[in-house]
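Single-letter residue listing:
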Amino acid sequence: GAYEIASTLAHEGVDYLAVAFADEGVELRKKGITMPIVVLNADADSFGLVTSYRLEPEIYSFHSLHDFIESAERFGSCEYPIHIKLDTGMHRLGFVEEELPQLIEWLSADESVRVASVFAHLSCADMPSEDDFTRRQIALFDRLSGELQAALPYTIIRHTANSAAIERFPEAHFDMCRLGLGLYGY
């Protein structure tokens, strides 16, 4: 029911959709979904599909940023929307604090991409025993995403609240929230 869910969400005024893989976004585009779609597991092998179907990739490393810039330039893009992932403690993927100055330098020097949003994942927002860790993640995200925003000459969307954080951590709401499993009652 991906199309049915996406169509309903679009009708209800949701601003963005997110999919795990590019082929899921392609299917939604082929069925007429026109709203922005973020691809959370975008990699160099999928960047051709991403640009062809006007999907928006998550960028989590200098390698992925370099590869996507090359793809966007081949596509002839200017200011192609990308979504920067920060690592605030989950240690799965994302730019770490020490990389932020170089990231800002790269993004400021390149016109083929434009940061649409910056985000992080809260690894245990659903675990009350880890609330202190979650609050540290939120504070680090606030500081790092604020530095990125201050360095760019345009407004970016900041988001880190997943389903659990929407309910439990209002300070994590920022500009947008990502309702995932909560959409289905979990």
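Notes on the structure follow. Please read all numbers here as calculations on a predicted model, not as lab measurements. (Residues numbered from 1 in each chain as written. Predicted model: local features only at pLDDT ≥ 70, side-chain atom pairs only at ≥ 80, totals over all residues. Heavy atoms only, no water.)

1. A closer look at helix H2 (residues 22-30)
Using the following cut-off: Burial here depends on accessible area, computed with a 1.4 Å probe over protein chains only, as a share of the maximum for the residue type. Under 20% is buried, over 50% is exposed, and the range in between is partly exposed. Counting from the N terminus, the helices are the DSSP runs of H or I reaching at least four residues and the strands are the DSSP runs of E reaching at least two. The arc in question is the one spanned by the directions pointing from the helix axis to the C-beta atoms.
What H2 keeps buried is the set Ala22, Gly25, Val26, Leu28 and Arg29. Down the axis of H2, the sector holding all buried residues measures 160 degrees, keeping them to one side. Phi for Gly32, located one or two positions after H2, is positive at around 105 degrees.

2. Notes on unusual backbone geometry
The backbone of Arg54 sits at a positive phi, close to 55 degrees, despite the residue not being glycine. With respect to the secondary-structure elements, Arg54 resides in the loop between helix H3 (47-52) and strand S3 (56-59). With a phi close to 45 degrees, Phe174 is a non-glycine residue in the positive phi region. Mapping Phe174 onto the fold places it in the segment after helix H7 (163-168).

3. A short note on the packing of helix H5 (residues 100-109) against helix H6 (residues 131-151)
To be explicit about the condition: Helix axes are fitted only over the stretch in contact, all axes being lines through C-alpha atoms; the angle between N-to-C directions runs from 0 to 180 degrees. Any angle between 65 and 115 degrees counts as roughly perpendicular, while under 35 counts as roughly parallel, over 145 as roughly antiparallel, and the rest as oblique. Left-handed describes a crossing whose near helix is turned anticlockwise from the far helix through less than a right angle; right-handed describes the clockwise counterpart. Here a residue-residue contact requires only that any non-hydrogen atoms of the pair lie within 4.5 Å. Residue polarity is assigned by list, with Asp, Glu, Lys and Arg as charged and Ala, Val, Leu, Ile, Met, Phe, Trp, Tyr, Cys and Pro as nonpolar; anything else, Gly included, falls into the polar class.
Here H5 crosses H6 at 30 degrees, and the two axes come no closer than 10 Å. Taken together, H5 and H6 sit at an angle that is classed as roughly parallel. Crossing of H5 against H6: the hand is right-handed. Here Leu100, Ile104, Leu107 and Ser108 of H5 come into contact with H6, specifically with Leu144, Glu147, Leu148 and Ala151. Class assignment of the residues belonging to the contact of H5 with H6 gives a composition of six nonpolar, one polar and one charged.

4. So, the nonpolar core
To keep it simple, the criterion reads: Throughout, nonpolar core names a set of buried Ala, Val, Leu, Ile, Met, Phe, Trp, Tyr and Cys residues whose side chains join them through atoms within 4.5 Å.
Core analysis: the biggest nonpolar cluster contains 40 residues, and Phe68, Ile82, Ile84 and Leu107 have the highest contact counts within it. Counting residues per element, this core draws most heavily on helix H4 (residues 62-75), at five residues. Non-local contacts of Phe68, meaning those with residues more than four positions away in its chain, are made with Phe47, Val50, Thr51, Pro57, Ile59, Tyr80, Ile82 and Val113. Within the second largest apolar cluster, eight residues are counted, among which are Ala125, Ile138, Ala161 and Ala165.

5. Here's the deal with the packing of H4 against H5
Contact geometry for H4 and H5: axes closest at 12 Å, N-to-C directions at 5 degrees. Classified by the angle between their axes, H4 and H5 sit roughly parallel to one another. Side by side, H4 and H5 meet where Phe62, Leu65 and His66 of the first sit next to Gln102, Leu103, Trp106 and Leu107 of the second.

That's the geometry; what it means functionally is another story.
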